[in-house]
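A structural walkthrough
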Amino acid sequence: MIPVEFYLVLSTLLFFIGVFGFVTRRNLVAMLISVELILNSVDLNFAVFNRLLFPGQLEGMFFTLFSIGVAAAETAVALAIIINVYRNYRSDQVNSIENMKF
Amino acid sequence: MASLAHIIIFTILAVVILGSAILSVMSKSIMRSVTFLLFVLFAIAGIYFMLGYTYLGAAQISVYAGGITVLYVFAIQLVSKRSLQGLTERIKLSRVLQGALLSLAGLVTVGVVLLKNQFIVKAVAGSIEEYDMSQVAQAIVGSDKYQYVLPFEFISVFLLACIIGGVLIARKEDKK
């Protein structure tokens, strides 16, 4: 039986690896991959809190389940936007999209 | 001793998750990043299995590792021949330092708050057994308190909206 701290430290490390990637990379797909890492660490937290602090209830599990579904939809739309950006600007760097900056 | 086996499995999964995550954000080629992301997703599914959430682990493998990774690979391979596939990115050192500083500050803050907090002592030390699958299924489709038929239906509408939006955004412009 693994103490709850181990899981929490693991998901915290994963979260900040994702933050590091989001700040460091300037490629749109790479930034989206970092967001996926962050989302996964949060999902892991939901499941661990539910399992180790409140066993017998299922709320955290369903939050994770719906969060996985929403993340899948979000990734599909984001990739569609990235493909469109690439088609229009011939570049996949965030710096190339400056039309809406004011 | 079952506890030792658990600790060994957890250590392997944690090393795979953290190592693949670091390689995924640091590797210059996009295809390699996606491959390492796939390893992270599989290992997280392994952690769900360890926690006894087999349904969640199956959903993670089928939706994340099966669906989203394929979506990434298709998007990367589809755009253009000389674009994302062989793309390597130069990462500036100043930006790496900035990102590392930001993440370390956040990591220390969150870590101290987590470990100093008292809610951890409430963690139960019982054995982890799998949920009964009929209990999970009843909670998904039931409409009572703590049952989730409304979000379940709502997410199907949401997925439909996202499919329509994705098709609308990604399709080619008509020739006028």
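Refer to the preceding data block for the structure.
Let me sum up the structure you'll find in this document. (Residues numbered from 1 in each chain as written. Chains lettered and ligands numbered in written order. Predicted model: local features only at pLDDT ≥ 70, side-chain atom pairs only at ≥ 80, totals over all residues. Heavy atoms only, no water.)

1. Concerning the overall build of chain A
Summing up its helical and strand segments, chain A has three helices and zero strands in all. For a compact globule of 102 residues, the expected C-alpha radius of gyration is about 13 Å, and chain A comes in at 17 Å, more than 25% above that figure. Per-residue burial for chain A yields a buried fraction of 61% across its 102 residues. Charge-centre separation for chain A: the mean point of 6 positive side chains lies 12 Å from the mean point of 7 negative side chains. (Helix = DSSP H or I, 4+ residues; strand = E, 2+ residues; numbered from the N terminus. Rg over C-alpha atoms; globule rule 2.2 N^0.38 Å. Buried < 20%, exposed > 50% of the residue type's maximum accessible area, 1.4 Å probe, protein only. Lys, Arg positive; Asp, Glu negative; His and termini not counted. Charge placed at Lys NZ, Arg CZ, Asp CG, Glu CD.)

2. Description of the packing of aromatic side chains
A full pass over the atoms with the stated rule returns eight aromatic pairs over all chains. With a centroid separation of 5.2 Å and an interplanar angle of 40 degrees, the aromatic rings of Phe46(A) and Phe63(A) are classed as tilted. Taken together, the residues span a long stretch of sequence, with Phe46(A) in helix α2 (residues 28-53) and Phe63(A) in helix α3 (residues 59-89) at a distance of 17 residues. Its relative accessible area of 32% is what places Phe46(A) among the partly exposed residues. For the pair Phe62(A) and Tyr148(B), a centre-to-centre distance of 4.6 Å together with 20 degrees between the ring planes defines the contact as stacked. Pair noted here: Phe62(A) is in helix α3 and Tyr148(B) is in the loop between α5 (133-141) and α6 (149-170), and the two residues belong to different chains. The same class applies to Phe62(A) and to Tyr148(B), which are both buried. Positioned above the aromatic ring of Tyr53(B), the side-chain terminus of Arg51(A) is 5.5 Å from the ring centre. (Phe/Tyr/Trp six-rings, centres within 6.5 Å; stacked < 30°, edge-to-face > 60°. Lys NZ or Arg CZ within 6 Å of the ring centre and 35° of its normal.)

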